Amino acid sequence: SHLRFGPDPIKSPYLIDKANFVACHQSSFLDRYEMLSVAEPNGIFLLNSIHSKDEVWNYLPISVQKQIIEKNLRFYVIDAYKIANEIGLGGRINTIMQTCFFALSNVLPKDEAIKEIKKFTEKTYGRKGEKILKMNFEAIDKTLDNLHQVIVPKGVTSNFDLKTSMPEGAPPFVKNAIAKMIIGKGDELPVSAFPSDGTYPTGTTKWEKRNISLEVPVWSPETCIQCGKCVFICPHAVIRAKVYTRDVLKNAPSSFRYTEAKFSQFKDYLYTVQASPEDCTGCKLCHEVCPAKNKQDPKLKAVNMVFKDTILDREKDNWKFFDSIPYLDKDQINGTTVKDIQLLQPLFEFSGACAGCGETPYVKLLTQLFGDRAVMGNATGCSSIYGGNLPTTPYTTNKEGRGPTWSNSLFEDTAEFGLGMRIALDKQYEYALDLIDRLAEDLGKELVFELKNADQKTETGINKQREMVKLLKAKLKGIQKPEAKDLLSLSDSLVKKSVWIIGGDGWAYDIGYGGLDHVLAQGKNVNILVLDTEVYSNTGGQKSKATPIGAIAKFAMGGKASPKKDLAMMAMNYGNVYVARVALGANNAHTIKAFLEAESFEGTSIIIAYSHCTQHGYDMVRGPDQQKAAVMSGYWPLVRYDPRLYDQGKNPFQLDSSKPSIPLQDYIYNETRFKVLTRSNPEVAKKLLEYAQKEVNKRWELYKYWSEMPGPKQEEK
Ligand code: SF4
Ligand code: SF4
Ligand code: SF4
C-alpha cells in the first residue's frame, strides 16, 4: 500500500516513489521485492520478523543491507506474529503494525498518536465485543514494548541476494515475463515478451512460491488413517495424497515419509501425504479436520503444523520428489469416497484466494472429478479473481495436457455465457457427426460406428472415445478432402465435455439471477455451481439476496431484516432441474455425491455450496465447524432433488441432513456478522433471531413434508 500524510488534503493519485517510511509486514517478501529502492535517505525501515534485533541483520539479502547502510536508514524490527498469537489475534497483525507506524513516523506526537489509535480501535472493534476490543488494546500496548531499533553494522555481511530467478524447470515465459511481473516490474516488459497470438500459459501458480506461511503441515504416517480429509479441505491444493508402487521409492530422499496403502484396490501399494511448504498459506485447516490422534500425545494429529524455517529445505526436497510421482489414471480410481477422490490430481492449484477460503475446495473438487474435460464460464467475483489473477494462473493441466477451459464473464451474463459454451459444443459435435457420415467410406465402417455410438457415461468410456479420436485424426491426415480438414479441427468435440457455470451469490441470487433463471428454464446439459458466501465478498461485504436474517453487511448495517432467498427451492420448481444444497465441511461424502450426480444428469443442474468466508468475521480455521453448526441447526439443510428418481417411481426430493439438534443461535453467534448486532442493537438482534429461528423451523417442516411424500408409482397404488 502507498500512503501519504499531511495537514492539508492531498491530491496525488499516483504511487509514491520517494518514501520516508517503508514497512515490510511479511518478511518473505524481502528477498523477492526491491522494496527499499523507494526509501529516502535517513528514512525509516520497519520489518515484521521472527528474528530478534540482534539476529535479524543476518537474514537480510545483500541489496537490502546495502540500501540500509547507504541510505542511512533507521531500521526497526518487531515480531508482530508472536504478539498477535500471544494475545489471541491469530495471524491478524494490522493493529500492531499500524501502531508501529504511528510510534515511529512522527506524523503525530507519539502519545497523541497512541491515544488516537485507541480511539479509532474502539470505534472499529467496539461493536465486535469486549473481548476483541481488549485484545486490540493489548496489542497496542505490547507493540511499544516489543518494537526495537536494530544497530546497523558498518558493512554488508550477507551472502545471499534477492531471488531473481524462478525455480529450476520453469518455462522461458515464466522466467522472462511472469517473473518480472511478480516482482512488480511488469511495466518494463516490451510487448514482444508476450506470445503474438494472445495466448497466456496456464498452470503457472506453481512457479510463484509465495512462501507466506510461518508454519506448514508435516504428516505422520504412523498416525494417519488415510481418510483424505486434509487433502479435501485444503483451499490451495497444497497438501496432497498419492498411492504408488514400491519401485517408485528408489530415488526418494531419505526424509521422504510413506506407509503401506490401506486401499482395497491398491494392494502392495505405498501411500504418502505431502504438502508443498512454499505454497502453503498456513491456514491450518488440514490439521483442524484431521480425525487421527497420536496415541502417545493426543495434542498431535496425523498432520501437524511445524515452524517452517526449521524444516523448509527438507520439505522442499520431499515435495519435489512427491511431485515427480505420477498420479494414477482416473479410471484406476473407481471408488467415490473422499479417500478415493483425493488421489485424483487437482487441476486448480495454489490460487491466491484468502488463506482458509471456503469456496476454493469446491472448485478444486470440480477439477479433480471433471477438470480434464471441463469447460467453465466464471462470473466476476472472488472466483474470477483467484481463478484468473495475473500474472499467474491456478488452472492447470494433467500429464496428457488436458485441463479446464476457463473464461470469465460479467455478473449480468455469465449464465448465458456458459449456456453459449454448451450450445457451441453441441453444434460442433453435431457438425462433426455430419462430417463423419460424409467421410464414412474413407474412415471405414468400424471406426464410424465406434465414434458415433460411444458410451461416454464412465471414465473408461470417455478414454475409449479419446483413443478412437486419436485414430480418427491419424486417418484424416491422409484424406485429401475439405471435409477431412474440417473434421480434423472438430474431432476433439466428439469427446464428452462437462460445462460448468460458476459464481458467487452476488451473481446467482442478485445481478445474474435473470440469466440464471433463463438457463434453468432451457433444460440444456449445463452444471451451475453457486459458491454461496451470503455476501458480496470480493467487493467488500455488501448484502446480497443470499444474506441471512440478522447478519450485518454493507447496506444492511442494522441487520438484514428479510429472509435469504431459497434458490434451491426456486430451481426445484422447474421439476426437470437437478438441485443440491451442500456443505463440504459438514458432509464430504454428500458433496461428492452431489457433484457426481449433477454432472451425470443429462439436463441442467445446480449446486448451491455453503462457503465460509473471511467476511463472516471469525478465524477461517473454524470454517468446517461452522458449516457443521449451520447444518445441525437446520439453517443449511443438505438436500438433493434428482428428477431421474421420479421416473423410477421415487420421490425426487431427498432431505439428507438430520433433524435440527442445536438452536440457531448456537450457530450464528460464533460469527461476528451476527454477533455485532447483539451489541449495537440488542433489541433488534433479539427480534431478528426469533424471526430467523421461526423461518428455519418453518422451512425444515416444509422440507420434511416434501421428503416424506411418496413417489409417483406408490401414489397410483
Ligand atoms: S495449512 Fe492450509 S494451505 Fe497449508 S496445507 Fe494445510 S490446508 Fe493447505
Ligand atoms: S486427515 Fe489426517 S488421517 Fe486423514 S489422510 Fe490426512 S493426515 Fe491422514
Ligand atoms: S473473500 Fe471470502 S470467498 Fe473471497 S477469497 Fe477470501 S475467503 Fe474466499
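**Side note on the packing of aromatic side chains**
Link 1 in the chain: Applying the stated criterion to the full structure yields 29 aromatic pairs.
Link 2 in the chain: The rings of Trp 219, Phe 263, Phe 266, Tyr 269 and Tyr 271 are connected pair by pair, giving a single aromatic cluster.
Link 3 in the chain: Just above the ring of Tyr 513 sits the side chain of Lys 565; from NZ or CZ to the centre is 3.7 Å.

**Let's talk about the sheet that holds strand E7 (residues 259-260)**
Link 1 in the chain: A sheet is described by the order of its strands in space; here 3 strands give the open sequence E6-E8-E7, paired in antiparallel fashion. The strands lining the two open edges of the sheet, one partner per strand, are strand E6 (239-245) and E7.
Link 2 in the chain: Examined bridge by bridge, E7 and strand E8 (residues 269-275) share 2 bridges and lie antiparallel to one another. Looking at the pairing, Glu 260 lines up with Leu 270 of E8.
Link 3 in the chain: Sheet strands in contact with helix H9 (residues 312-324) are E6 and E8, and its direction is about 130 degrees off that of E8.

**Things to note about the site of ligand 2**
Link 1 in the chain: If you check the shell around ligand 2, you find 13 residues, and the closest are Cys 224, Cys 227, Gly 228, Cys 230 and Cys 290.
Link 2 in the chain: Looking at the shell around ligand 2 residue by residue, the classes come out as 11 nonpolar, 2 polar and no charged.

**Here we look at the site of ligand 1**
Link 1 in the chain: Surrounding ligand 1, one finds 13 residues, the nearest of these being Cys 234, Cys 280, Cys 283, Lys 284 and Cys 286.
Link 2 in the chain: A class-by-class count of the residues in the shell around ligand 1 yields 9 nonpolar, 3 polar and 1 charged.

**Examining the packing of helix H4 (residues 110-125) against helix H5 (residues 130-146)**
Link 1 in the chain: Taken N-terminus to C-terminus, the directions of H4 and H5 make an angle of 160 degrees; their axes are 9 Å apart at the nearest point. With respect to their mutual orientation, H4 and H5 come out roughly antiparallel. The hand of the H4/H5 crossing is right-handed. Facing Lys 110, Ile 114, Ile 117, Lys 118, Thr 121, Glu 122 and Tyr 125 of H4, the residues of H5 in contact are Ile 132, Leu 133, Asn 136, Phe 137, Ile 140, Asp 141 and Leu 144.

**Let's talk about the environment of Phe 411**
Link 1 in the chain: Tracing the sequence through the fold places Phe 411 in the loop between strand E11 (405-409) and helix H13 (414-438).
Link 2 in the chain: Those residues in contact with Phe 411 that sit more than four places away from it in its chain are Thr 380, Gly 506, Trp 507, Ile 511, Gly 512 and Tyr 536.

**Observations regarding the packing of helix H16 (residues 459-477) against helix H17 (residues 482-490)**
Link 1 in the chain: For the pair H16 and H17, interaxial distance at closest approach is 9 Å and the crossing angle is 150 degrees. Between H16 and H17, the angle is such that the two are roughly antiparallel. For the pair H16 and H17, the crossing hand works out as left-handed. Of the residues in H17, those touching H16 at Leu 472, Lys 473, Leu 476 and Lys 477 are Ala 484, Leu 487 and Leu 488.

**Some words on the domain arrangement of the chain**
Link 1 in the chain: For the chain, the assigned domains read domain 1 (19-149) and domain 2 (422-494).
Link 2 in the chain: For domain 1 and domain 2, the distance between their C-alpha centroids amounts to 63 Å.

**Points about unusual backbone geometry**
Link 1 in the chain: For Asn 42, which is not glycine, the phi dihedral falls at a positive 65 degrees.
Link 2 in the chain: Structurally, the position occupied by Asn 42 is in strand E2 (residues 39-48).
Link 3 in the chain: Its identity is not glycine, yet Asn 72 carries a phi of approximately 55 degrees, on the positive side.
Link 4 in the chain: By the secondary structure assignment, Asn 72 is in the loop between helix H1 (62-70) and strand E3 (74-78).

**Digging into the pairing of E3**
Link 1 in the chain: Burial within E3 is extensive, with 4 of its 5 residues counted as buried.
Link 2 in the chain: Sheet topology note: the E2/E3 ladder contains 5 bridges and is parallel. The residue bridging Asn 48 from the neighbouring strand is Ile 78, located in E3.
Link 3 in the chain: Tracing the backbone out of E2, into H1 and back to the parallel element E3 gives a crossover that is right-handed.

Cut-offs and rules
Residues numbered from 1 in each chain as written. Chains lettered and ligands numbered in written order. Predicted model: local features only at pLDDT ≥ 70, side-chain atom pairs only at ≥ 80, totals over all residues. Heavy atoms only, no water. Phe/Tyr/Trp six-rings, centres within 6.5 Å; stacked < 30°, edge-to-face > 60°. Lys NZ or Arg CZ within 6 Å of the ring centre and 35° of its normal. Pairing = 2+ DSSP bridges. Helix = DSSP H or I, 4+ residues; strand = E, 2+ residues; numbered from the N terminus. Contact = heavy atoms within 4.5 Å. Axes fitted to C-alpha atoms, helices over the stretch in contact; angles between N-to-C directions. Near = heavy atom within 4 Å. Nonpolar A, V, L, I, M, F, W, Y, C, P; charged D, E, K, R; others polar. Parallel < 35°, antiparallel > 145°, perpendicular 65-115°, else oblique. Left-handed = near helix turned anticlockwise from the far one by under 90°. Domains from an automatic or database assignment. Buried < 20%, exposed > 50% of the residue type's maximum accessible area, 1.4 Å probe, protein only. Right-handed = clockwise from strand over helix to strand, strands pointing away.

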